[in-house]
Amino acid sequence: MTNDAQTWRAWLTSERPASRRQARLGRAYAAWSRFADNRLAMAGLFIILALLLVAVFADMIAPYSAVTDGDLRTARLLPPSAMHWFGTDDQGRDIFARVVHGSRITLFVVILVAVIAAPVGLLIGTIAGYAGGWVDAVLMRITDIFLAFPRLVLALAFVAALGPGIVNAVIAIAITSWPPYARIARAETLTLRHADYINAVRLMGASPARIIARHIMPLCVSSVIVRVTLDMAGIILTAAGLGFLGLGAQPPSPEWGAMIASGRRFVLDQWWVAAAPGLAIFIVSLGFNLLGDGLRDALDPKAAGQ
């Protein structure tokens with residue numbers, strides 16, 4: 001088994017790969033090795049994997065219902081105990097169960113925003129960088145307009161226009177999240193569009209659309225992925241801010257920002273009502289930040305030669 005592992009590792013780390021598949025797997029293995037050497041990055045990965053598992057198995061983990069009101073006479077605002085690990089809220093609901101089920105909403109927001117905003121920013125940035133001229137000027141000025149407003153303020157404006165709700169909140173956050181990705185993709189494209197292999201593909205008759213889609217976008221993906229991962233904490237905080245203001249997920253949905261909003265009335269005496277979802281936001285945001293820092297170091301081409 002050891003010999004097989006050594007042979008496999010030697011095949012992955014070969015300086016002269018015999019095929020494209022071996023070269024791609026070798027690059028992926030090198031990136032993973034750099035990532036795994038970063039303990040903080042591994043801690044971030046562990047937090048995100050734990051979040052995924054909690055969201056998937058929330059029904060099995062949570063001992064109580066997350067939306068059904070408890071007994072207001074005997075279960076209202078109980079402190080943390082063996083029966084209610086995080087205590088109960090003003091409706092007698094188990095806070096631990098609500099935090100666990102709230103992880104699903106957090107993942108829904110994060111994944112949907114990334115799926116919408118990252119491709120839009122990547123497409124706009126690569127088109128602007130490759131086309132240049134007036135196309136670049138128009139697209140970048142639109143990008144600058146979005147960047148001129150704080151994300152939360154702009155998201156508030158869009159949610160106010162669309163109406164409260166988790167879906168509208170996701171759309172609003174996605175609309176305000178794509179400009180940084182467009183800037184990164186444009187910067188990468190400007191360094192690539194005059195490269196020798198791009199000129200060779202152009203001389204072979206490839207259309208601009210094919211060059212962008214097949215040869216430029218794949219090279220910009222790693223930088224965009226790193227930025228998306230680093231932005232996840234901001235996305236979570238924006239979603240929590242909208243929920244806190246009553247414009248995100250609506251009651252009785254166990255959204256962490258809305259839970260903090262309902263617990264602010266009791267923050268002095270029943271501190272656990274707001275502390276539990278606040279701690280969840282802090283831990284998940286920290287996990288995404290650590291993961292993003294690790295991905296940035298692992299996917300940095302300059303780090304590969306060090």
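You'll find the structure just up there.
Note that the structure is predicted; figures quoted are calculated from it, not measured.

Draft legend 1. Expanded view of the packing of helix H5 (residues 95–131) against helix H6 (residues 133–147). Running from N to C, H5 and H6 point in directions that differ by 145 degrees, and their axes come no closer than 7 Å. Of the two possible hands of crossing, H5 and H6 adopt the one that is left-handed. Only Gly 133, Val 135, Asp 136, Leu 139 and Met 140 of H6 make contact with H5, whose side of the interface consists of Ile 124, Ile 127, Ala 128 and Ala 131. By residue class, the composition of the contact of H5 with H6 is 7 nonpolar, 1 polar and 1 charged.

Draft legend 2. Quick look at the side chain of His 101. Its place among the elements puts His 101 in helix H5. Once residues within four sequence positions are removed from consideration, His 101 is found in contact with Ala 58, Asp 59, Ala 62, Ala 66 and Pro 254.

Draft legend 3. Main features of helix H7 (residues 151–162). In this model, H7 (12 residues) spans 16 Å end to end at C-alpha, consistent with the 16 Å of a helix rising 1.5 Å per residue. When we look at burial in H7, the residues that qualify are Leu 154, Ala 155 and Val 159. Viewed end-on, H7 has its buried residues packed into an arc of 135 degrees, placing them on one side of the element. Relative to its buried face, H7 has exposed residues pointing more than 90 degrees away, namely Ala 160 and Ala 161. On the buried face of H7, the contacting elements are H6, helix H8 (166–192) and helix H10 (208–244). Backbone geometry just after H7 places Gly 163 at a positive phi near 105 degrees.

Criteria and thresholds
- Residues numbered from 1 in each chain as written.
- Predicted model: local features only at pLDDT ≥ 70, side-chain atom pairs only at ≥ 80, totals over all residues.
- Heavy atoms only, no water.
- Axes fitted to C-alpha atoms, helices over the stretch in contact; angles between N-to-C directions.
- Helix = DSSP H or I, 4+ residues; strand = E, 2+ residues; numbered from the N terminus.
- Left-handed = near helix turned anticlockwise from the far one by under 90°.
- Contact = heavy atoms within 4.5 Å.
- Nonpolar A, V, L, I, M, F, W, Y, C, P; charged D, E, K, R; others polar.
- Expected span 1.5 Å × (residues − 1).
- Buried < 20%, exposed > 50% of the residue type's maximum accessible area, 1.4 Å probe, protein only.
- Arc of directions from axis to C-beta.

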